[in-house]
Amino acid sequence: MLKTKYVAFLILPVMFFLIGCSSSKEIVNLSAEDRFEIGKDKFDKRKYLDAIEDFKYILIQYPGSAVADDAQFYLAECYYNRGEYLLASSEYENLIRGYPSSEYVPMARYKLGLCYYNLSPKSQLDQTYTYKAIDALQGFIEYHPTSEFVQDAERKIHELINKLAKRDYETGIFYMKMEFYRAAMIYFDSIIERYPDSDYLERAYAGKIECLLKRENYSEVIKIAEEFERKFPSSDLIGKVRKIKEEAKFYVGKELRTGR
């Protein structure tokens, strides 16, 4: 009796090993299409780590198959859904470069922009990913202007541009408080020249006008203030700008009267 149990104890692990080997052999012998269906089923069940292995296997073993671009796209999607945006961005780029005629390319361009958008930090921090997000989303709009996601891409670009403009505006205000008016104007001019579509444009003009007044450049104050009035006649800052302009005119008149 003991001998029988001992033999069974030895045989069972062997059986499980053989069954496992048989199962593994069957998976290895699956076609690319069947392997993709297995991976896609795991993806749909949000088993992303398991699905990643299936999609990678297809790309390595069947790079020229009909489902290779599908595998590449869903590999990127797995990383994206896991919040691994750098890995996802790399895989979306692989799809765009490696399968330029794929039906997934428009979505890959859009999701590439979203990867960098999600990586974009607060305005005070390094904005490398913000610039990358803007470039990627603008590229998506240029290549696919009729896509249903264009409006969302445009909204996100505007949000990202505002983030960059906010950083420059806050830096300009900081230098104004320190009474470094020349330095402050550099940042206000940056907004005017680089981010004319941002929500900070009016404030940048007003900040520049105030800096010019502090630096006693009265003729330039009047010129920029009049430009402000033409561009933003209904601005909340119009009263402040007109007051600064009148002060500049007073000093110009005083200079003329005293011959300075």
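In this text, all values refer to a predicted model and were calculated from it rather than measured experimentally.

Quick look at helix H10 (residues 201-214) now. If you check H10, its first and last C-alpha atoms are 20 Å apart, about what 14 residues at 1.5 Å a residue would give, namely 20 Å. Burial analysis of H10 places 10 of its 14 residues in the buried class, the great majority of the element. Following H10 by one or two positions, Glu-216 adopts a phi angle in the positive range, close to 60°.

Attention shifts here to the packing of aromatic side chains. Applying the stated criterion across every chain, the model contains 25 aromatic pairs. Arranged with centres 6.3 Å apart and planes meeting at 45°, the rings of Tyr-175 and Phe-180 form a pair that is tilted. Residue class for Phe-180 comes out partly exposed when judged on its relative accessible area of 45%. The aromatic ring of Tyr-57 is capped on one face by Arg-35, whose charged end is 4.0 Å from the ring centroid. Against the face of Tyr-169 rests Arg-203, its NZ or CZ located 5.7 Å from the ring centre.

Let us look at the confidence of the model for the protein chain. Low-pLDDT stretches of the model should not have their predicted coordinates read in fine detail. Chain-level pLDDT for the protein chain is 90 on average; 87% of the residues reach the 70-or-more range. In this model, residues 2-26 is a region of pLDDT below 50 whose contacts with residues beyond four sequence positions or in other chains number 0 contacts.

What counts, and at which threshold
- Residues numbered from 1 in each chain as written.
- Predicted model: local features only at pLDDT ≥ 70, side-chain atom pairs only at ≥ 80, totals over all residues.
- Heavy atoms only, no water.
- Helix = DSSP H or I, 4+ residues; strand = E, 2+ residues; numbered from the N terminus.
- Expected span 1.5 Å × (residues − 1).
- Buried < 20%, exposed > 50% of the residue type's maximum accessible area, 1.4 Å probe, protein only.
- Phe/Tyr/Trp six-rings, centres within 6.5 Å; stacked < 30°, edge-to-face > 60°.
- Lys NZ or Arg CZ within 6 Å of the ring centre and 35° of its normal.
- pLDDT = per-residue confidence, 0-100.
- Contact = heavy atoms within 4.5 Å.

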